Amino acid sequence: MAKELVGKPHPQSYFSEFPPESEWDVVVIGAGPNGLITAAYLAKAGLKVVLVERRYEIGGGLATEEILYPGFYSNIHAVYHMMVDYMPVLRDFQLDRHGLVWIKPNLQTAMVFEDGGSLLLTRMIEDTMDSMHKFSQKDAVAFGKAMRMWRRIAREIVVPATYIPPMSPLDISMAMQRTEVGNAMLELTEHSPLEIINGTFENDHIRALLLYTCCMWGLDPRETGLGLFVPLYLDRLMNKCYCQGGSHKMGNSFGREIIRAGGVILDSSQVNKILMKNGKVAGVELWEGRTLYSDVVISTLDPHTTFLDFIGAENLTENLRKSVEGWKYDKWSFNTLHVVSEEAPCYLPKDPWASQSFMTILGFDGLDQMLAHWDNVIAKKIDPECFGGHATCESFWDTHLVRVPPSKAHRQVSFFQMHAPYDIQGGWEAKGPEIEEAILRRWAKYAPNMKRSNIVTTNQETPVDIETRFPNMRRGSIKHGDYLPIQLGCFRPNEECSSSNTPIPGLYTAGASNYPGGCVLGGAGYLVWCFEVPDGRSDLPSHPCPLPEATLPPAHFRRRR
Ligand SMILES: Cc1cc2nc3c(=O)[nH]c(=O)nc-3n(C[C@H](O)[C@H](O)[C@H](O)COP(=O)(O)OP(=O)(O)OC[C@H]3O[C@@H](n4cnc5c(N)ncnc54)[C@H](O)[C@@H]3O)c2cc1C
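Keep in mind the model is a prediction, meaning the values are calculated, not measured. Per chain, the residues get numbers from 1 upward, laid out in the order the sequence is written. Selection of residues for local features in this predicted model requires a pLDDT of at least 70, selection of side-chain atom pairs for listing and counting requires 80 or more, and totals for whole chains, interfaces and linings are taken over all residues. Remark: hydrogens and water are excluded; side-chain values derive from all non-hydrogen atoms of the structure.

Chemist: Please explain the overall build of the protein chain as it appears in this structure.
Modeler: The helix count covers DSSP runs of H or I at least four residues long, the strand count covers runs of E at least two residues long, and both are numbered beginning at the N terminus. Regarding its fold elements, the protein chain presents 17 helices and 20 strands. Computation of the radius of gyration draws on C-alpha atoms, with the globule rule given as 2.2 Å multiplied by the number of residues to the power 0.38. In terms of overall size, the protein chain behaves like a compact globule, its C-alpha atoms giving a radius of gyration of 23 Å where 561 residues would be expected to give roughly 24 Å. In terms of overall dimensions, the protein chain has a C-alpha envelope of 65 × 60 × 45 Å along the principal axes. Only protein chains enter the accessibility calculation, which uses a 1.4 Å probe. A residue is then buried if its area is under 20% of the maximum for its type, exposed if over 50%, and partly exposed in between. The proportion of buried residues among the 561 residues of the protein chain is 63%. Contacts in the protein chain between residues far apart in sequence, at least 24 positions, make up 73% of those at least 6 positions apart. For the protein chain, the accessible area works out to roughly 21300 Å², and carbon and sulfur atoms hold 52% of it. Contacts were defined at the residue level, with two residues in contact if any of their heavy atoms lie within 4.5 Å. Accessible surface is estimated by sampling points in the Shrake-Rupley manner with a 1.4 Å probe; for residues, cover comes only from the protein chains shown.

Here you go:
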């Protein structure tokens, strides 16, 4: 039994109508975006599905909670939704029926500098070039030229590949060599993000904006073999959306689809063990003592929890055990300061747009400071005088987050988020207050109205808090595992399990530690249903909902059943 998961059992009375033993076609573990998506497809296909969630709320990283002050809501995890234009589940289930509204700001990111300058990243390449012109005409032209090809790489190759099973590096290489855009992608892939940015641009501010954008989800800027994330993240972070009413609404919409199709969501419970019979999966045991029998179990948790804690090392082949033990969690986590303030942050730059951006990067004037901060994080430190991060005033975009009497309704909900080590020297409990003060000082340097007297309340969510809330985000791993070349593509989480199937009959994996990876992509949850679970189960329909042709991957990518 997982040490982290031992706790006081819930009283049976939570679900007195629920029998101590029951049988299911499929048990899904974890109601984050991936578990919800899988369960929705399977329930819609007519299967008897139960989705087990440890928390009192479904959604996983899609969480909007009242953590600050009564009536003020914050998105404590996912805020920036990068795949709204592509996620098949949104169209397959027509989720706008649930009032799911996406806001796509034109001004996506501003980077503000100490001298009052600013740089903007907008949805339109041309508007971004205009902003870059102030700093370097040469870079503006280079951005326009590079971005036109990078956008093709993202939209014609990398994004569609998110929703098809992983291919081997050899197959990818052979497929890519056939086209101009494929060759351009192969060439980029070999390099590190830092090499690509430095090799394409000359201005320090512009380099800093673009490198931050490419690496903000925890990419090592100097790691070679990660170059394909440069076009992917630049394109996607120039098109990110906000979920009106908070990200939790997205999770809720999936939940409604599951229930509408006859599926069951068992929240405030948790899986403690996966049952095995004759070498095959036989169901799960919950912490309150219930048993759910099923010959198909889909886990969306991290590899340690699924394989070592739930199945047990003794039931794994040596290869699988070694690969799970060698799994590397994210080297950077996030530390987030959520605040309610009297006013929305008003940043130094004269350009009024700089204070109306979806995301604002602050604290870094150039590459050296940014790299120094990331190096500190890897060395388990934060220098209170040299760090930066990104901020968003959520209530500027979403007035639904402030539900208070008119006398307080002018107040705003914002956050500042920075890369941070899980095991900081001195520990978070001791260091937390000092870091909170340093964040407020730094924020006020770039947005002078964010001074203490304007701050009504704060709540700092450290990497340790992330793990406490979600034990599957071990060491505060927002992606359930690092992005290293050996943990990506068909190697995520290992060659045997990357396409969701595992060597253990009846066990499938579908969380962020699986291909295609972390963030709210919905890829792993979609792929496990679409391509894997039905194998050998002739009783399952081939696809629960008609898929419009536009949502299907290009024909040469599709796998035949
Ligand atoms: C601070 C922060 C900010 C982020 N910001 C963004 C963002 O802006 N955009 C973005 O795209 N991504 C963001 N992410 C990443 C994103 O939230 C995750 O990568 C994503 O939620 C992973 O989805 P998942 O379904 O695989 O797993 P999760 O969302 O982790 O869901 C797993 C679920 O399993 C449950 N669980 C755990 N143990 C058990 C058990 N034993 N039994 C039953 N249930 C269990 C958990 O409670 C959880 O609900 C952020 C993450 C963090 C931490």
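Chemist: Any chance you could explain the environment of H248 here in plain terms?
Modeler: For H248, the location among the structural elements is in helix α10 (residues 248-260). For H248, a relative accessible area of 14% puts it in the buried group. When the C-alpha positions of H248 and A78 are compared, they lie 9.1 Å apart, and in sequence the two are 170 residues distant. Apart from the residues within four sequence positions on either side, H248 is in contact with E57, I58, L62, A63 and T64.

Chemist: Would you mind going over the sheet that holds strand β12 (residues 280-286) with me for this structure?
Modeler: Whenever strands of a sheet pair, they do so through backbone hydrogen bonds, lying parallel or antiparallel. With respect to topology, four strands assemble into an open sheet ordered β1-β13-β12-β11, the strand pairing being mixed. The open sheet has two free edges, formed respectively by β1 (21-23) and β11 (271-277), since each of these has just one partner strand. On average, each strand axis in the sheet is tilted by 25 degrees relative to the strand beside it, whichever way the strands run. Pairing between strands requires that DSSP locate at least two bridges from one strand to the other. Where β12 lies against strand β13 (residues 291-293), three bridges are found, and the strand directions are antiparallel. Counted as the bridge partner of V284 is L292 from β13. Think of each axis as a best-fit line through the C-alpha atoms, taken over the contacting stretch in the case of a helix, with angles from 0 to 180 degrees between the N-to-C directions.

Chemist: When you look at the sheet that holds strand β2 (residues 26-29) in this model, what are you seeing that I'm missing?
Modeler: If you walk across this open sheet you meet the five strands as β10-β3-β2-β14-β20, and the pairing is parallel. With one partner strand each, in any of the chains shown, β10 (264-266) and β20 (507-509) form the two edges of the open sheet. Shown here is a sheet whose adjacent strand axes are inclined to one another by a mean of 20 degrees, direction ignored. Here strand β3 (residues 49-52) runs beside β10; their pairing, made up of three bridges, is parallel. Each residue of the ladder has a partner; that of L51, found in β10, is I265. Across the face of the sheet, helix α1 (residues 33-44) comes into contact with β2, β3 and β14 (297-299) while running at roughly 170 degrees to β3.

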